[in-house]
Each structure stands twice: as structure tokens, then as C-alpha cells.
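Next come the chains, spelled out residue by residue.
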Amino acid sequence: EPEVTQTPSHQVTQMGQEVILRCVPISNHLYFYWYRQILGQKVEFLVSFYNNEISEKSEIFDDQFSVERPDGSNFTLKIRSTKLEDSAMYFCASSVGGRDEQFFGPGTRLTVL
Amino acid sequence: AQSVTQLDSHVSVSEGTPVLLRCNYSSSYSPSLFWYVQHPNKGLQLLLKYTSAATLVKGINGFEAEFKKSETSFHLTKPSAHMSDAAEYFCVVSRAGGYNKLIFGAGTRLAVHP
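None of these values were measured; they are calculated from a predicted model.

Each value, and the rule that gives it
Residues numbered from 1 in each chain as written. Chains lettered and ligands numbered in written order. Predicted model: local features only at pLDDT ≥ 70, side-chain atom pairs only at ≥ 80, totals over all residues. Heavy atoms only, no water. Helix = DSSP H or I, 4+ residues; strand = E, 2+ residues; numbered from the N terminus. Rg over C-alpha atoms; globule rule 2.2 N^0.38 Å. Contact = heavy atoms within 4.5 Å. Buried area = accessible area lost by both parts, 1.4 Å probe. Salt bridge = Lys/Arg side-chain N within 4 Å of Asp/Glu carboxyl O. Polar contact = N/O pair within 3.5 Å; in protein donor to acceptor, adjacent residues only side chain to side chain. Nonpolar A, V, L, I, M, F, W, Y, C, P; charged D, E, K, R; others polar. Pairing = 2+ DSSP bridges. Axes fitted to C-alpha atoms, helices over the stretch in contact; angles between N-to-C directions.

### Observations regarding the overall build of chain A
Here is step 1 of the chain: Along the backbone of chain A there are zero helices and eleven strands.
Here is step 2 of the chain: Its helices and strands in sequence order give chain A the pattern β-β-β-β-β-β-β-β-β-β-β, from N to C terminus.
Here is step 3 of the chain: At 13 Å, chain A has a C-alpha radius of gyration in line with the 13 Å of a compact globule built from 113 residues.
Here is step 4 of the chain: Based on the C-alpha atoms only, the size of chain A along its principal axes is roughly 35 × 30 × 30 Å.

### Topic: the interface of chain B and chain A
Here is step 1 of the chain: At the junction of the two partners, chain B supplies 19 residues and chain A supplies 18 residues.
Here is step 2 of the chain: Across the interface of chain B and chain A, roughly 1,600 Å² is buried in total on both sides, 54% from carbon and sulfur atoms.
Here is step 3 of the chain: The interface formed by chain B and chain A holds zero salt bridges in total.
Here is step 4 of the chain: The interface formed by chain B and chain A contains three residue pairs in polar contact (both at pLDDT 80 or more).
Here is step 5 of the chain: Those elements that place two or more of their residues in the side of chain B that touches chain A are strand S5 (31-38), strand S6 (44-50) and strand S10 (87-95) of chain B.
Here is step 6 of the chain: For the side of chain B that touches chain A, a count of residues per class yields nine nonpolar, seven polar and three charged.

### Considering the sheet that holds strand S8 (residues 75-79) of chain A
To summarise the sheet geometry, strands pair through backbone hydrogen bonds and adopt either a parallel or an antiparallel arrangement.
Residue and element names in this part refer to chain A.
Here is step 1 of the chain: Sheet architecture is open: four strands sit in the order S1-S3-S8-S7, paired in antiparallel fashion. Of all the strands in the sheet, just strand S1 (5-7) and strand S7 (65-68) have a single pairing partner and so form its edges. Pairs of neighbouring strands in the sheet enclose a mean axial angle of 20°, with direction left out of account.
Here is step 2 of the chain: Note that S7 and S8 share four bridges and pair antiparallel. Within S8, the residue paired with Glu68 across the bridge is Thr76.

Structure, rendered in C-alpha cells:
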């Protein structure tokens, strides 16, 4: 069964460094998403992406964040100049259409020291 | 604005007994509602969804949920718990007819004891 994959499963970085979280969505899906869950808090929507551009983003998704689909298979989330409060589990998801079920990856746990 | 409140952070049941996970929602629009489950080290998996069709929704693994507009509730139930049901469950809302941006509840951790 096709599934969304994410790498790495755990990323540790120093405050101020840049990180790139990688996702491989399901191959025939056209919509891509990033969510995050800070420990002990709710899963929060960050951004949705379609046709090589952002279709919606939350207030959290400021200039520190960017997304990219660099090739036909990967979908990345870049976090510049990481802060302690960026420590969280980051989930990637994909769907066939904007109204279809979102399939989630297992997440990347980001720890900023 | 839309929001979701899961009324219990932890629920513990014995194997073979019924499961009830409670969820209340708030929405300015007619909502679409979902339950997702997360097993340890796994992604979030869709259990079931309500999108303005039948108010009683059946999902995978014997789970079902009933949409009650008058009570703004969407509780998840299962007649008989199995050990493999132990996981974190999330109630989720989005705009009617749209999945795009999902808004999650805080989650309910279900423990199943032998």
C-alpha cells in the first residue's frame, strides 16, 4: 500500500542553524501539507501546497519557513535560523485533490538545542 | 472560526468492553469532521469522516461516530475494544466540502487492558 515517507525520523540541531525536513508524498497525489505538533500541544496546520505554489498558510508559517518541491517526488520544509520553540514533531501529508483524504507520514521529530 | 475539543485526554478500558471517545466542535460553517488514529511511530491514519451525508458514519476496525448538530458533538464509539486499538485518537474539523486545512483536537490516548 502506498504511503507517505519522511526523513529523517529524528533531527537534532543547534539554535540558529537551518534544517530541511524531507517528505515523499504518495506518487499520484497533487496536494501537499505540513503540520507540526509541539510536545503536549495540538497538531497545527502550517501550509498547503499545490501546483508548485502555496495555496494556504497559517500565521505560524512566517518568513522563517519555506516549502519546495525540488523534483517529481520530494516535498521539503526548510526552517531557517531555528529557535528553541521550533522543537516539535513535523508531519507531512498528501492528498489526490484538495477535498480528498489526507494521508500522513510518520513524522520527523525536530529537537533544537 | 472552527475548533475541536476532545473531552478526555486519557481513556482506559478493558478488552471486550465498549469504547467512547468524546469530541465537541465549533464551526461557523457546515463542518466536515474526521477521526484520525496514531499508533506509536506511525503516521496519522483516517478512521472515518463525516461530510454532510449520513449522520452515523462507519469507519475502519469497527469504529463509528454520530454527528449530532444539536449537541455539536461527534463522539467515536466501538462496541468491543481490542488490544490493538490502543493508540492516540484525534478529532479533526475542516470547512464543509473541503479537506484542505485540518484543525485538530488535542487527542485522546486510549489504553486497553487485558
